[in-house]
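Reading the structure
This is what each chain is made of:
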Amino acid sequence: MDMPPEERLGLDVKRAEQRLMAAKHAAVKTAGLTVPQYAALLALHANPGISAAALARECLVTPQAMNVVLKNLLEHGLIERSPHQWHRTMLETHLTDAGREALRVADQAAVIIERRISTAFTPEERATLRTLLTRFTDAI
């Protein structure tokens, strides 16, 4: 082997991601959501009317995966979609009242996890971690 396993960072990053996703899954489940659904609702809250393609980019998933998420959210009455005022082929997506409430409940639980992570580091360490993760991503 050209590189010893203990020098490989990919496994450490994957382990951290899996722990985060498991914790977020348990948290947002309290609102009856999956992590991808929560991410979509959070992005929709910040970007009302966003297209499905832009929402997919925002959530770092494929357009096909986002269409499945949107279909489920629509079936549960958490979003509504309508043709754009000028671009009739584009559908705008908005949260419904039920969607805003599901997001509120899920976000309350998700923020607890984010705060636990945040308080484990000083502000300087958080800034350094972001810089290091950016370098990690760029190196790939």
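Further up the page is the structure itself.
Report on the accompanying structure. (Residues numbered from 1 in each chain as written. Predicted model: local features only at pLDDT ≥ 70, side-chain atom pairs only at ≥ 80, totals over all residues. Heavy atoms only, no water.)

Take the layout of surface pockets next. Considered as a void within the structure, the largest pocket measures approximately 1,200 Å³ in volume. Contributing to the lining of the largest pocket are 32 residues, with Glu17, Leu20, Glu114, Ile117 and Leu133 lying nearest its centre. When contributions to the lining of the largest pocket are tallied by element, the ones reaching two or more residues are α1 (10-29), α2 (35-46), α3 (52-59), α5 (97-119) and α6 (123-139). A breakdown of the residues in the lining of the largest pocket according to their chemical character gives 21 nonpolar, two polar and nine charged. (1 Å grid on protein atoms, 1.4 Å probe; cavity = no way out; pocket = protein on both sides within 12 Å on 5 of 7 lines; lining within 4 Å. Points joined across faces, edges and corners; volume = space filled by probe spheres on them. Helix = DSSP H or I, 4+ residues; strand = E, 2+ residues; numbered from the N terminus. Nonpolar A, V, L, I, M, F, W, Y, C, P; charged D, E, K, R; others polar.)

Attention shifts here to a nonpolar patch on the surface. A surface patch of nonpolar side chains, amounting to about 300 Å² of accessible area, comprises Ile117, Phe121, Leu129 and Leu133. Looking at where Ile117 falls in the secondary structure, it is placed in helix α5. Given a relative accessible area of 35%, Ile117 falls into the partly exposed group. (Patch = residues over 30% accessible without salt bridge, like charges linked within 9 Å, V, L, I, M, F, W, Y side chains within 5 Å. Areas by Shrake-Rupley, 256 points an atom, 1.4 Å probe, with all protein chains shown as cover. Salt bridge = Lys/Arg side-chain N within 4 Å of Asp/Glu carboxyl O. Buried < 20%, exposed > 50% of the residue type's maximum accessible area, 1.4 Å probe, protein only.)

Right, let's get into α3. Within α3, burial applies to Ala52, Leu55, Ala56 and Cys59. Looking straight down α3, one finds that the buried residues subtend no more than 105 degrees of arc, so they occupy a single side. The inward-facing, buried residues of α3 contact α2, α4 (63-75) and β1 (79-83). Two residues or fewer past α3, Leu60 is found with a positive phi of approximately 60 degrees. (Arc of directions from axis to C-beta. Contact = heavy atoms within 4.5 Å.)

It is worth spelling out the side chain of Lys24 at this point. Within the element layout of this structure, Lys24 appears in helix α1. With a relative accessible area of 11%, Lys24 lands in the buried category. Beyond its immediate sequence surroundings of up to four residues, Lys24 is in contact with Val35, Ala110, Ile113 and Glu114.

For the rest of this paragraph, the subject is unusual backbone geometry. Here Leu60, not a glycine, exhibits a phi torsion of approximately 60 degrees, which is positive. Examined against the element boundaries, Leu60 turns out to sit in the loop between α3 and α4. On the basis of relative accessible area, Leu60 is assigned to the exposed category, the value being 77%.

With that out of the way, let us pick up the packing of α1 against α5. A pair of packed helices can be characterised by two numbers: the angle between their axes and the separation between those axes. Contact geometry for α1 and α5: axes closest at 8 Å, N-to-C directions at 150 degrees. Judged on the interaxial angle alone, α5 and α1 are roughly antiparallel. α5 is crossed by α1, and the crossing has right-handed handedness. Of the residues in α5, those touching α1 at Leu20, Ala23, Lys24, Ala27 and Val28 are Ala106, Ala109, Ala110, Ile113, Glu114 and Ile117. Partitioned by chemical class, the residues of the contact of α1 with α5 number nine nonpolar, no polar and two charged. (Axes fitted to C-alpha atoms, helices over the stretch in contact; angles between N-to-C directions. Parallel < 35°, antiparallel > 145°, perpendicular 65-115°, else oblique. Left-handed = near helix turned anticlockwise from the far one by under 90°.)

Working note: α-helix, 3.6 residues per turn, so residues spaced by three or four point in the same direction. In a regular helix each residue adds 1.5 Å, so 13 residues correspond to 18 Å; α4 covers 18 Å between its end C-alpha atoms and thus fits that length. Where α4 is concerned, the buried positions are Met66, Val69, Leu70 and Leu73. Each buried residue of α4 lies within a common arc of 100 degrees when the element is viewed along its axis, so the set occupies one face. Those residues of α4 that are exposed and angled more than 90 degrees off the buried face are Gln64, Val68, Lys71 and Glu75. Looking at the packing, one finds that the buried side of α4 touches α2, α3, β1 and β2 (91-95). Among the residues trailing α4, Gly77 stands out with phi positive, at a value near 70 degrees. (Expected span 1.5 Å × (residues − 1).)

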